[in-house]
Amino acid sequence: MTAGVLPAQGLRQLIASGALSATPDIRTDQIQPASLDLRLGPVAYRVRASFLAGHGRTVRDRLAEFTMHEVRLDSGAVLEKNCVYVIPLAERLSLPPGVTAVANAKSSSGRLDLLTRTITDGGTEFDRIPDGYTGPLYAEVCPRSFSVLVREGQRLNQIRFRQGQAVLSDTDLAALHAQEPLVSGEAVISEGLGFSVDLRPRAGTLVGYRAKPHTGVVDLDRIGHYPARDFWEELHSDDGQIILDPGAFYILVSREAVTIPPDYAAEMAPYLAMVGEFRVHYAGFFDPGFGHAAAGGAGSRGVLEVRCHEAPFVLEHGQVVGRLVYERMSERPETLYGAGIASNYQGQGLKLAKQFRTT
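Residues numbered from 1 in each chain as written. Predicted model: local features only at pLDDT ≥ 70, side-chain atom pairs only at ≥ 80, totals over all residues. Heavy atoms only, no water.

Trainee: Let's hear about the overall build of the protein: which residues, and what values?
Mentor: Scanning the protein for helices and strands turns up four helices and 28 strands. For the protein, whose C-alpha radius of gyration is 20 Å, the value lies close to the compact-globule estimate of 21 Å for 359 residues. Taking the principal axes of the C-alpha coordinates as reference, the protein spans close to 55 × 50 × 40 Å. For the protein, the residues scored as buried account for 55% of the 359 residues in total. Counted over contacts in the protein with a minimum sequence separation of 6, partners at least 24 positions apart contribute 82%. Approximately 15000 Å² of the protein is accessible, and the part contributed by carbon and sulfur atoms is 48%. Within the protein, one finds 36 positive and 41 negative side-chain charges whose respective centroids are separated by 4 Å. (Helix = DSSP H or I, 4+ residues; strand = E, 2+ residues; numbered from the N terminus. Rg over C-alpha atoms; globule rule 2.2 N^0.38 Å. Buried < 20%, exposed > 50% of the residue type's maximum accessible area, 1.4 Å probe, protein only. Contact = heavy atoms within 4.5 Å. Areas by Shrake-Rupley, 256 points an atom, 1.4 Å probe, with all protein chains shown as cover. Lys, Arg positive; Asp, Glu negative; His and termini not counted. Charge placed at Lys NZ, Arg CZ, Asp CG, Glu CD.)

In structure tokens form, the structure reads like this:
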């Protein structure tokens, strides 16, 4: 098998071999161009604190220590803001040697400020699964801004598989950009492709949104249902800067339009902590074809999920806030992001999660 991120057809091979299985069986619409959507099981465990299983221990062992009560998800239940839940997922792994996995929140989870991470038996870090792992998968979910109504079978996170080393060096990334521009404007390449925040929109003064502190519940199944004004404050700027408040959550947008060519995938990584008292991004997977002409795109800007930490911080237009790490695909996917599949964010600009409407 060629080194790289496994495409949709590679995921089907993992399913056929039993390396990737589930109860109930994996659905065709879970398979994305370079990742698999993971489904919530029928029960959530409200726990006292976030945890990792640790060497030689199972998540079930730790649940016995930390569980406060169980919540049934069969007919829907509310996960309350600032509470931590561990939810067994429908999928399980039996990874062959040389195949590793990395998980991440789906875009809509990140835009809802749902801290969603994957944990495993024996795991010593979130979202990273070593080759040879055999066992169940669990989602740790902590709603940070809004309480949410969830149901069994919903998909809050996703998993990507890779064979061997696939990350492009800065030299390779520069060569790829010279061959096929990856970003509008000048490319800032340093341990990935840097991107900056847009606080000078071409029209108007709306630069982002800040989550309101006291809101109702968001039912994840209600698409385009909630008026944005009930959950979000608009952020306007006419001088190219905003001040981030500690503890607040923001939706902003990158200044650059980015492209992911069909033979590559990318993951958004936070920028160095030294640049400011904030964190950018929960959701980090960019699939092959995102923003690419072959998939009906013309460059798509990256939505930035920003949380400020200890001190108020002035964020200015054009400030570099994150980077995209590009990886090779092991082969071109059968289907690209946005090309004939339900891709909610192709061609996006500043955009809230799909549950909200701004008109």
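Trainee: Quick rundown of helix 1 (residues 8-17)? Include the residues and the values.
Mentor: By the burial criterion, the buried members of helix 1 are Ala8, Gln9, Gly10, Leu11 and Leu14. On its buried face, helix 1 is in contact with strand 2 (20-22), strand 3 (36-38) and strand 13 (157-163).

Trainee: Help me get a handle on empty space enclosed by the protein, residues and values and all.
Mentor: Under the criterion given, the structure shown has one cavity of 30 Å³ or more. Put simply, the largest cavity is a space of about 40 Å³. (1 Å grid on protein atoms, 1.4 Å probe; cavity = no way out; pocket = protein on both sides within 12 Å on 5 of 7 lines; lining within 4 Å. Points joined across faces, edges and corners; volume = space filled by probe spheres on them.)

Trainee: Break down unusual backbone geometry for me, with residues and values.
Mentor: Looking along the chain, the bond that leaves Thr23 and enters Pro24 is cis, with omega of -5 degrees. Of note, the phi angle at Glu191 is positive, near 55 degrees, even though the residue is not glycine. Its location among the elements puts Glu191 in the loop between strand 14 (188-189) and strand 15 (193-196).

Trainee: Explain the nonpolar core to me, using residue names and the numbers behind them.
Mentor: Leu93, Ile159, Phe161, Val218, Trp232 and Phe356 are the most contacted members of the largest nonpolar core, which totals 53 residues. With four residues, the top contributor of residues to this core is strand 7 (residues 84-94). Sequence-distant contacts of Ile159, defined by excluding residues within four places in its chain, comprise Ser35, Leu36, Leu38, Leu93, Ala101, Val102, Ala103, Ile129, Leu137 and Phe285. Formed by 32 residues, the second largest nonpolar core is a distinct cluster that contains Ile242, Leu244, Ala248 and Val321. (Core = buried A, V, L, I, M, F, W, Y, C linked by side-chain atoms within 4.5 Å.)

Trainee: Can you lay out the pairing of strand 4 (residues 43-47) for me, pointing to particular residues and giving the numbers?
Mentor: Where a strand is regular, its side chains alternate between the two sheet faces. Among the five residues in strand 4, five count as buried, and that is most of the element. Of the two faces of strand 4, the one carrying Val43, Tyr45 and Val47 and the one carrying Ala44 and Arg46 are both buried. Pairing geometry for strand 4 and strand 5 (residues 67-72), over five bridges, is antiparallel. Its bridge partner being in strand 5, Ala44 is matched across the sheet by Val71. Examined bridge by bridge, strand 4 and strand 7 share three bridges and lie antiparallel to one another. Each bridged residue has a counterpart across the sheet, and for Tyr45 the counterpart in strand 7 is Val86. (Pairing = 2+ DSSP bridges.)

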